[in-house]
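# A closer look at the structure
Here are the chains, one letter per residue:
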Amino acid sequence: MTDPPFPMPPLEWVRAFEATARCGSFTAAAREIGLTQSAISQRIGHLERRLGVTLFYRRARSIALTVEGEAWLPHVRAALDGLRDSSEALFGSGRGRLTISASQSIIELWLMPRLDALAALSQGQLSLQTMVLAAQDAVPEDVVRIRYGTGDWPRARTHRLFAERMAPVAAPGLCAHGGRWTELPRIAFAGPRPGWTARFGIPATPVPHLRFDTFAAALHAARAGMGVLLGSLPLCEVDLAAGRLTPLGCEVLEHHESYWAVAGLGTISRAHWDRIVSALK
């Protein structure tokens, strides 16, 4: 005699569990799903009785996953992700609209040369939004964000645009007089990348005589022969190939951080994400 099959809990109960575990509270999960806090609590109570275990420790002002809840959560997430991806692949008509939020430098130097491929993905509905660095975490979740960092953002699809490599670059005319390039005027810019003090044996003084708030503006100044820029080689690639800039010295700084495309798992299907990644290469 075989045992009867395990009774599967309703999907809405499982979804309430995953949202609560991710959001950290019944109230936040209710807000995300569009239910009341008591409805979420009730669904999880039904789920716990069906499974015969306690999934959350209820405390006065917080909740926490039990050992059983922590063990089950990755399986629930994998199942919901698989259901979402398969539904999109089989029944979805595809998302034609594409919104990308990035710094002005990335828009100008990385996205614009790839605009045709991105526009083909968006079916004419491509939106590029200039991101204010201090407010990057406030961008809506349905937007693909280009962020600088190590790529370890949880519960997100991520793709590194390039390996960050930096070296001093300048306009050929600026170097024509000879002498050491370390004696030439320097250009600095604000942002998350390492500055002149990272390497290259550059003295702290004199300080860079030009300072910009974006890498793109600093790059314009370097093209114009106004100084030496510690440039991101992938972002300077077009200028280097065209001869508008030339690398100085032989040392290259390889940095562990770089630019990443980031999107929420629940807002972009795997197939659509793969097409976006291909267009960003």
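What counts, and at which threshold
- Residues numbered from 1 in each chain as written.
- Predicted model: local features only at pLDDT ≥ 70, side-chain atom pairs only at ≥ 80, totals over all residues.
- Heavy atoms only, no water.
- Buried < 20%, exposed > 50% of the residue type's maximum accessible area, 1.4 Å probe, protein only.
- Helix = DSSP H or I, 4+ residues; strand = E, 2+ residues; numbered from the N terminus.
- Pairing = 2+ DSSP bridges.
- Salt bridge = Lys/Arg side-chain N within 4 Å of Asp/Glu carboxyl O.
- pLDDT = per-residue confidence, 0-100.
- Contact = heavy atoms within 4.5 Å.
- Core = buried A, V, L, I, M, F, W, Y, C linked by side-chain atoms within 4.5 Å.
- Axes fitted to C-alpha atoms, helices over the stretch in contact; angles between N-to-C directions.
- Parallel < 35°, antiparallel > 145°, perpendicular 65-115°, else oblique.

Attention shifts here to the pairing of strand β13 (residues 258-264). The buried count for β13 comes to seven of seven residues, which makes it a mostly enclosed element. Two strands pair when backbone bridges link them, and strand β5 (residues 144-149) and β13 are joined in this way by five bridges, in the antiparallel orientation. Bridged to glycine 149 within β13 is serine 258. Pairing between strand β6 (residues 156-160) and β13: five bridges, direction antiparallel. For arginine 160, the partnering residue across the bridge sits in β13 and is tryptophan 260.

Our focus in this paragraph is the pattern of salt bridges. Per the stated rule, a full pass over the model turns up six salt bridges. A salt bridge links glutamate 18 to arginine 22; the shortest N-O distance between them is 3.0 Å. With glutamate 18 and arginine 22 both in helix α1 (residues 11-23), this residue pair falls four residues apart, about one helical turn. One salt bridge connects glutamate 48 with arginine 58, and the closest N-O pair in it is separated by 2.8 Å. One end of the pair, glutamate 48, is in helix α3 (residues 37-51); the other, arginine 58, is in strand β1 (residues 56-58), with 10 residues separating them in the sequence.

Moving on to the confidence of the model for the protein chain. Confidence along the protein chain averages 85 in pLDDT terms, with 86% of residues attaining 70 or more. Per-element averaging of pLDDT across the protein chain places helix α6 (residues 115-122) at the bottom with 84 and helix α7 (residues 215-223) at the top with 95. This stretch, residues 133-140, has a pLDDT under 50; its non-local contacts, to residues over four places away or in other chains, come to seven contacts.

A few words now on the nonpolar core. A general tendency of soluble globular proteins is for nonpolar side chains to be buried together. With 38 residues, the main nonpolar core has Leu111, Val144 and Leu229 as its most contacted residues. Those residues within four positions of valine 144 in sequence are excluded, and the remaining contacts are Leu98, Thr99, Ile100, Ser101, Ala261, Val262, Ala263, Ile268, Trp273 and Ile276. Core analysis: the next-biggest nonpolar cluster, separate from the first, contains 19 residues, Leu47, Leu55, Ile63 and Leu80 among them.

Time to look at the packing of helix α5 (residues 104-111) against α7. The geometry of α5 relative to α7 is characterised by a closest axis approach of 7 Å and an angle of 60° between their N-to-C directions. By the angle between their directions, the pair α5 and α7 is classed as oblique. Contacts between α5 and α7 involve Ser105, Glu108 and Leu109 from the first element and Phe215, Ala216, Leu219, His220 and Arg223 from the second.

Once that is clear, we can look at the sheet that holds β5. Ordered by their spatial adjacency, five strands build an open sheet running β4-β3-β5-β13-β6, and the pairing between neighbours is mixed. The strands lining the two open edges of the sheet, one partner per strand, are β4 (126-130) and β6. When the angles between neighbouring strand axes are averaged without regard to direction, this sheet yields 25°. Relative to β4, α6 is tilted by about 120°, and along the sheet it contacts β3 (98-102) and β4. Contacts from helix α9 (residues 270-280) reach β3, β5, β6 and β13 within the one sheet, and its direction differs from that of β6 by about 20°.

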